[in-house]
4 protein chains.
Amino acid sequence: MSGTTAVKAALQAQRIETPSWGFGNSGTRFKVFAQQGVPRDPFEKLADAAQVHAATGVAPTVSLHIPWDKVDDYAALAAHAADVGVRIGMINSNTFQDDAYRLGSVAHPDAAVRRRAVDHLLECVDIMDATGSDSLKLWFADGTNYPGQDDIAARQDRLAEALARVYDRLGEGQRMVLEYKLFEPAFYTTDVPDWGTAYAHCLKLGPKAKVVVDTGHHAPGTNIEFIVAILLREGRLGAFDFNSRFYADDDLMVGAADPFQLFRILHAVRAGGGFDPAAGVAFMLDQCHNIEPKIPAMIRSVLNVQEATAKALLVDADALRTAQLAGDVLGANAVLMDAYNTDVRPLLAELREEMGLDPNPVAAYQAGGYAEKIVAERVGGTQAGWGA
Amino acid sequence: MSGTTAVKAALQAQRIETPSWGFGNSGTRFKVFAQQGVPRDPFEKLADAAQVHAATGVAPTVSLHIPWDKVDDYAALAAHAADVGVRIGMINSNTFQDDAYRLGSVAHPDAAVRRRAVDHLLECVDIMDATGSDSLKLWFADGTNYPGQDDIAARQDRLAEALARVYDRLGEGQRMVLEYKLFEPAFYTTDVPDWGTAYAHCLKLGPKAKVVVDTGHHAPGTNIEFIVAILLREGRLGAFDFNSRFYADDDLMVGAADPFQLFRILHAVRAGGGFDPAAGVAFMLDQCHNIEPKIPAMIRSVLNVQEATAKALLVDADALRTAQLAGDVLGANAVLMDAYNTDVRPLLAELREEMGLDPNPVAAYQAGGYAEKIVAERVGGTQAGWGA
Amino acid sequence: MSGTTAVKAALQAQRIETPSWGFGNSGTRFKVFAQQGVPRDPFEKLADAAQVHAATGVAPTVSLHIPWDKVDDYAALAAHAADVGVRIGMINSNTFQDDAYRLGSVAHPDAAVRRRAVDHLLECVDIMDATGSDSLKLWFADGTNYPGQDDIAARQDRLAEALARVYDRLGEGQRMVLEYKLFEPAFYTTDVPDWGTAYAHCLKLGPKAKVVVDTGHHAPGTNIEFIVAILLREGRLGAFDFNSRFYADDDLMVGAADPFQLFRILHAVRAGGGFDPAAGVAFMLDQCHNIEPKIPAMIRSVLNVQEATAKALLVDADALRTAQLAGDVLGANAVLMDAYNTDVRPLLAELREEMGLDPNPVAAYQAGGYAEKIVAERVGGTQAGWGA
Amino acid sequence: MSGTTAVKAALQAQRIETPSWGFGNSGTRFKVFAQQGVPRDPFEKLADAAQVHAATGVAPTVSLHIPWDKVDDYAALAAHAADVGVRIGMINSNTFQDDAYRLGSVAHPDAAVRRRAVDHLLECVDIMDATGSDSLKLWFADGTNYPGQDDIAARQDRLAEALARVYDRLGEGQRMVLEYKLFEPAFYTTDVPDWGTAYAHCLKLGPKAKVVVDTGHHAPGTNIEFIVAILLREGRLGAFDFNSRFYADDDLMVGAADPFQLFRILHAVRAGGGFDPAAGVAFMLDQCHNIEPKIPAMIRSVLNVQEATAKALLVDADALRTAQLAGDVLGANAVLMDAYNTDVRPLLAELREEMGLDPNPVAAYQAGGYAEKIVAERVGGTQAGWGA
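What counts as what
- Residues numbered from 1 in each chain as written.
- Chains lettered and ligands numbered in written order.
- Predicted model: local features only at pLDDT ≥ 70, side-chain atom pairs only at ≥ 80, totals over all residues.
- Heavy atoms only, no water.
- Contact = heavy atoms within 4.5 Å.
- Buried area = accessible area lost by both parts, 1.4 Å probe.
- Salt bridge = Lys/Arg side-chain N within 4 Å of Asp/Glu carboxyl O.
- Polar contact = N/O pair within 3.5 Å; in protein donor to acceptor, adjacent residues only side chain to side chain.
- Helix = DSSP H or I, 4+ residues; strand = E, 2+ residues; numbered from the N terminus.
- Least-squares fit on C-alpha atoms with pLDDT ≥ 70 in both.
- pLDDT = per-residue confidence, 0-100.
- Buried < 20%, exposed > 50% of the residue type's maximum accessible area, 1.4 Å probe, protein only.
- Lys, Arg positive; Asp, Glu negative; His and termini not counted.
- Arc of directions from axis to C-beta.
- UniProt positions renumbered as here; feature names shortened; annotations may be inferred.
- Pairing = 2+ DSSP bridges.
- Axes fitted to C-alpha atoms, helices over the stretch in contact; angles between N-to-C directions.

Per an unreviewed UniProt entry, chain A goes by the name L-rhamnose isomerase and belongs to Catenulispora yoronensis.

Undergrad: Help me understand the interface of chain A and chain B, please; the structure alone is not making it clear to me.
TA: Interface size is commonly expressed as the accessible area that is lost once the parts come together. Every contact between the two is made by 51 residues of chain A and, on the other side, 51 residues of chain B. Between chain A and chain B, a total of about 4000 Å² is buried, with carbon and sulfur atoms accounting for 63% of that surface. Contact with chain B buries surface across chain A, with A:Phe226, A:Arg233 and A:Gln324 losing the most and accounting together for 16% of the total. Its salt-bridge partner being B:Arg233, residue A:Asp157 comes within 2.7 Å of it at the nearest N-O pair. Counting the contacts that link chain A with chain B gives 14 residue pairs in polar contact (both at pLDDT 80 or more). Sorting the residues of the side of chain A that touches chain B by element identifies helix H5 (152–169), strand S7 (189–190), helix H6 (195–205), helix H7 (224–233), helix H8 (259–271), helix H10 (317–325) and helix H11 (329–341) of chain A as the ones contributing at least two each.

Undergrad: Hey, could you run me through the relation of the copies chain B and chain C in this one?
TA: Here two copies of a chain appear, and what relates them is a rotation about an axis with a shift along it. The two copies are related by a screw operation: chain B maps onto chain C through 180 degrees of rotation and 0.0 Å of translation along the axis, at an RMSD of 0.0 Å. Overall, the copies show the geometry of a two-fold rotation axis. Closest to the rotation axis within chain B is the C-alpha of B:Arg29, separated from it by 2.1 Å.

Undergrad: Sorry, what's going on with the confidence of the model for chain A here?
TA: A low pLDDT means the predicted coordinates there should not be read in detail. Of all residues in chain A, 99% attain a pLDDT of 70 or more, and the chain-wide mean is 97. We note a pTM of 0.98 for the whole complex and an ipTM of 0.97 for its interfaces.

Undergrad: Please clarify how the side chain of C:Glu292 should be interpreted in this entry.
TA: Within the element layout of this structure, C:Glu292 appears in the loop between strand S10 (282–285) and helix H9 (294–314). Although buried, C:Glu292 forms no salt bridge, and the nearest oppositely charged side chain, B:Arg102, lies 6.9 Å from it. Among the polar contacts listed, one links the side chain of C:Glu292 to the side chain of B:Tyr146, at a separation of 2.6 Å.

Undergrad: Please clarify how the relation of the copies chain A and chain B should be interpreted in this entry.
TA: When chain A is fitted to chain B, the best match, at an RMSD of 0.0 Å, comes from turning it 180 degrees and sliding it 0.0 Å along the axis. The share of interface residues of chain A whose copies in chain B are also at the interface is 100%, consistent with both copies meeting through the same surface.

Undergrad: Looking at this structure, I do not really get helix H10 (residues 317–325) of chain C. What am I missing?
TA: Since the α-helix packs 3.6 residues into each turn, any two residues three or four apart lie on the same face. Residues and elements named next belong to chain C. Listed in full, the buried residues belonging to H10 are Leu320, Ala323 and Gln324. The arc that holds the buried residues of H10, viewed along the axis, is 100 degrees, so those residues lie on one side. Summarising the geometry of H10, the exposed residues directed more than 90 degrees from the buried face are Asp318, Arg321 and Thr322. The secondary structure elements touched by the buried residues of H10 are helix H8 (259–271) and helix H11 (329–341). Within two residues after H10, Gly327 carries a phi angle of roughly 70 degrees, on the positive side.

Undergrad: Help me out: how do you make sense of the UniProt feature "domain: Xylose isomerase-like TIM barrel" (unreviewed entry) in chain A in this one?
TA: When the UniProt feature table is mapped onto this chain numbering, "domain: Xylose isomerase-like TIM barrel" (unreviewed entry) sits at residues 66–250 of chain A. This span, residues 66–250 of chain A, is 38% helix and 17% strand, and a straight line between its end C-alpha atoms measures 22 Å.

Undergrad: Even after reading the chapter, I still don't get the sheet that holds strand S3 (residues 87–92) of chain D, so can you show me in this structure?
TA: Note on sheets: strands pair through backbone hydrogen bonds, and any given pair is parallel or antiparallel. Residue and element names in this part refer to chain D. As summarised here, the arrangement of the 8 strands in space is S1-S2-S3-S4-S6-S8-S9-S10, forming a closed barrel in which the pairing is parallel. The sheet shows a mean angle of 30 degrees between the axes of neighbouring strands, taken without regard to direction. Packing against the sheet, helix H4 (residues 111–131) makes contact with S3, strand S4 (135–138) and strand S6 (175–179), and its axis sits at approximately 150 degrees to S4.

The structure is reproduced here in structure tokens:
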């Protein structure tokens, strides 16, 4: 039917970005469990990301993280990406791992530290120029651990000044996306703790500043799809960092903890026009595979977003609106649930076959021998992790 | 010393508004426990509120709630207020207790219901004109209980339209303050769930629209003093609804659950200049005394705000700033804690004596015989409660 | 296939109990929205419950709530139940709506109030005798609102004494099930706030005391299926109160907020042998339909439990165990998700047809004209609600 | 007065244990900020801990963590402790940092890993024998990250078996204390997530098994003093791990986030007789000083516990009980708040002078030159941290 055709077309057009750091080792403050075959440099990370794209067909771009993915020759890195079949996506800054950043970066009380942080952000824009990336992703670990430790409003002033410096440096076709997070690593105040703070800064900066919604960065009980709907309505939704959580910022595979929430979020994206490329919403994964193998976990995550998207696209929008306007509480809910309860795996398998892909991406990856190959080949060197 | 003198002057200048409905019966969905002597009409509520002001000297105004406090002759009500020694404060609207509001009020899918709600809000402005009140306090119970029940963005459109209608009606020297609340009575989405949503609406409305921070309306873990600092920095903090909570919107006496949080909030007020009358921040109590006697509970609440304010005023701001700029985490925290750990009750007792008040307001009220008097006199009639 | 046959047999054997009060009016502390056609007495409640059973075939018993369902002649009530096609299930006590219970019931500091509460509980056992009910369901609203208000341990002593009195009164084949709840209506301490407290009391009472898990009664982040697994392992899971929530004890239709959680809970039930009638686990609904029509909401809830049960029964237990023992994190998770992602509605439709039922219970109810009939007939009288 | 004398005597008798690892580097998963002068081995840790005791007079014992504090000669370590003026306290096990423990330790699906973990625990008992420590503190990071990853009940069986093995090994005068934690590092299930689970295991083990309450290990909204009261009533409170939090297990200095909660907890300790040495409750600090200097932070933490204890001891127990039994909600709360609002710092300064200590321990430490000394002397080597 034409409905299914349209859904398939939309699914085929969807793009899900993978994070380079998701292929390296990660863990908790208690322990990082190293895995065999993990990349030792950005080139190997891109190769792994290419496996995800090869299996799924919808993950052609890879986010870099600076300085973890710093190289001497970004043109070479971009060329390598093209060679393995992917492209470089957003540039993620890091202002939390230098010793200087113990009390913050762009909001630090010491101007010299702030300068250092801004210099790093400007360098990230240079790397955007060099790689052709169009988005600078900003997450600040800045905040305080103790009441009184610093002045909340003064920190906002410093943050605003730094953001303005970087915003002014953005070139034609470049933008910045600002991420908020309730807590961690700061345990009393965080300088951008919620969407309201990110939004207020973006408003003052201008149209090239948008908000990033990381699905694990909220207080318990927060309705994320509401935020998504609001930001789309305001034209300020820049990107998603997808992952899932039961407790805090657990960074589990997206869709693993609350698949219905993921569906509701993607339903809000659809309702707000966010699947339209013109909306400029980037769909990125940002998760840590502490105990599970990384590449198949990333494939699984892409599939989870894809399945939830398929269900969101299957919602009968006309029936929904009719029930909503009639005040038919049970009827409107039933329309939504009908789509959610549909098993979309056959539809997606069909689509993959039409795209020349294996209908079962995880199995295809596992049968391909890549996992064994990297374990055998990646011997020696230093495995990539959050610190490298 | 001059420091103490300044603190005392500031404390004497502080104004804490009491809510008329805090003197009526209240409860949970499980049970409303009626109390003897509870007011039967707005006139009796004002008389009770006057007792709070008589005992504390800092609670001269009383918020009204329409329609609970609807009367035929507002001039007579205002005159009665003056007779007993208080004034009428903010006008609180109610768009959640008509049967028509089952699915919302200003954001209801049905235009007729929205019209009814807007008419009520406009009537509240009429009452502001009639009573001389300068502030319209808006809290909307609007939201949904089930995913799919209504369209999130469409509800925002309807809400924005209603707010604009009311904003345009505000006269010279009048303003509106918009309250947010995470949940209850709506259990899936709330149309103004967080400060960001309230702020975004206020920005579009204009300078006469400000945000109300109810201390019980946040998700677990939310840093309220951060929000206070941000809103003061933006010039958008309109009012507080003070109360306290351990779990949800428990509406316990302010300062009862987390007195240190109350102190931190008032420290943020002071740091942001919010005690300056020019800042236009109203300090209101909004709490339910389900099991405790209402008038002494209200007096206790006023004292709790006063004590926390005294501590906030005692913070050595210069020492704090010096430690903050030096990155002295323990030192800055210690400056704050020094003030918090101070027993300010002797200072306040002294201030009260200087003001011609009893140093112990609760004991003075209890010794005054008013409690016995209202129990004896208020026989018959219908006790005031949330529904009347 | 034989697998499907076994699943169908298990689904046909499942019993889901409905609550009499779920057919009456309910609401929040802000407003109870009355609905047309709501029952005026226990007889009409049973008639409505019978509609749910007629449509679903798996809801043959109805919980009563005393005193809301008090009648002069319980034999007549039981006979009426049989006439309309249902039976009386558990007896739920109420020690929270008398004026005497302002500061608690069985844990109240005043022995006279405790005696009154115990007398009520003993009366409930009399009603069990009269109706043939085998289970006394105990939920205590007891607790405190303010630190210091009462002594935590003393309240436990009083509670333990009351429970022992009632336990001793239980006859052959009778049991008590004790419900815990984090908060509401008490806002500081609740006397049975968590499963550990309920379990400790049950251990001391004896084998006829078991724990009730209400899915809406936990702190944010609590893993409910863990508790279910523990209680089954200990032989102390007595019953479920099913409902769903996004925030607090929202009492929404079960499965509406987090269907994956409901599935995980029922998977834990299956893994622990809880679907075996010998395990003695009662599957009850306990929810409030504040804005949606009550009978179809109850049917929808039964279907939601049934669908989640079907998915839990479809989990390939052998494959799961194999993956678990092999430490295959992604593989084990995939086995679980395969079952969850299955659309079980066709299987259930098939089962219903085999049972002589309409494959679509909600549509069947709506087509049956019962809703219109009760609106027309139930005119006059006082509608049942939480208070009656 | 004799009241004050008794309070002082109780305060002088109080013992607060410090953790050896609290003197080493710590951090979040994002970054560990190293500090100058940090210990390089257990001997240096004990020297630092001795500074805390020297300044406060109430912190004479130090918890060890194995293997971080593993030495060849425990007699030498104990002698060194005595030399610097402290003693070795509890032995803390670590079954979360070996690569083998990726999927758990005592609850791991693989028997070989479980054996390894039990062997480590038995080794800890050997170290108790060697050092004279009487308590084995058990915290298990065991759990799962994904639904389906492992069988919840099977993990309990394995855990129970391991605990029994270790319990049987305990000698005369030795005991085990079992800690629970809601989450982290496991993000879906934790095998001992709450006090109920720990309590159930202890009950089965016997009287030498008790529960540890870590103040940062609960779900949002959990009433910790309730748990303390319950465990004392059951005779199963073994120890505290004191720290404070705003969000998750933030491990901030105790008393920094919610000093009123700390007071309420210590009030529950007093009410339940937990300050009596015969009750066997160990008062331990367990916190991470990620950004603040470690020794003064530890001194501040000891003072915070001491101040909260002083306030708890000042509660007028007779007046409290009278108000409670009279159902005087406001009066009972006021009795508690009177003590809390008292500034106990003068009393503690007086006590310290009577004990021959400086009245201001933090200032005394800072004036002593120790901080400068260790920065100068501790050059080279590997700084101690959570991993060493």
